[in-house]
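Each chain is listed here by its residues.
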Amino acid sequence: MASVSALMLSGLLALVPAPLRRAFCYGVWGIMTIIASLSIWWWLPSAYGLPPRINNFDPPENFHEVNYQYGDAILLRGYTLSAQRATPGEILAVTLYWETKAPIVEDYPLFLQIVDERNNKIAHRESYSGGGLFPTSLWTPGTVVADTVYLPVDVNTSVPQAYDLIGGLWDLSTGLRLPIDSPDPAAQLYKLGEVVIVPEHARTELPPSARELSVSFASGIKLRGCAAPSADDPAL
């Protein structure tokens, strides 16, 4: 890359009159310095900043509530997805909303996976909270941590198909997943919800009020979802 940049600069210098070449070089150097300085204050914090901490939590739009308690003190309030339907090779952003009831001494790494019915992973990520910058030992009781995890979907994923989104925390002292306390049977499988992976041509999103389905009929027709009519529907 440096050699290419040097060649480009040499080519540009050839177009600049000789008396102005020194000023031109200083100008390029100044612009690059400004860009480098801005990256420190603008781009780097967004890439390496700590996850948002929320004192008065108000569930965002498209919030999926789960309320799973991991271990004695950690509560997963729920999560949001960047998209309920994705395509192979796409990167899904999953924001997990964690809360602890008491100070935590241990640092529990989290895991997030998208798996099929045989538990084969098509997307997988393991890390400490905040991309490693805000582990559980730094969490404050009563404050919700909005931790966003990016899941690249395998380009060879079978489509169309519904997959399970599962997630939790590892207990490094035992090498096992931190147990979940919840009456929901899905919790014992660490299941948070479902993600539908579709071909690129079928990427169109369903309306927010629709329920995601994947029902195939003998004629080749597939039912993707359904929704109750609204009160404003003129047919009512």
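Fair warning: this is a prediction, and the values are worked out from it, not measured in the lab.

Enquirer: Can you break down the sheet that holds strand β1 (residues 53–54) residue by residue, with the values?
Expert: Here we have six strands laid out as an open sheet, ordered β1-β8-β5-β3-β2-β11, and antiparallel in their pairing. Each end of this open sheet is capped by a strand with a single partner; those strands are β1 and β11 (180–181). Relative to strand β5 (residues 91–100), strand β3 (residues 74–81) runs antiparallel, the two being bridged by seven bridges. Bridging across to β5, Tyr79 finds its partner in Leu96.

Enquirer: Quick rundown of the environment of Glu200? Include the residues and the values.
Expert: Of note, Glu200 is situated in the loop between β12 (191–197) and β13 (211–216). For the pair Glu200 and Thr87, spaced 113 residues apart in sequence, the C-alpha to C-alpha distance is 5.8 Å.

Enquirer: A description of the pairing of strand β8 (residues 144–152) should follow, citing residues and the corresponding values.
Expert: Both β1 and β8 contribute to a ladder of two bridges, which runs antiparallel. Considered in β8, the bridge of Ile54 is made with Val144. Bridge count for β5 against β8 is nine bridges, and the pairing is antiparallel. Pairing of Leu96 across the sheet is with Asp147, part of β8.

The rules behind each value
Residues numbered from 1 in each chain as written. Predicted model: local features only at pLDDT ≥ 70, side-chain atom pairs only at ≥ 80, totals over all residues. Heavy atoms only, no water. Pairing = 2+ DSSP bridges. Helix = DSSP H or I, 4+ residues; strand = E, 2+ residues; numbered from the N terminus.

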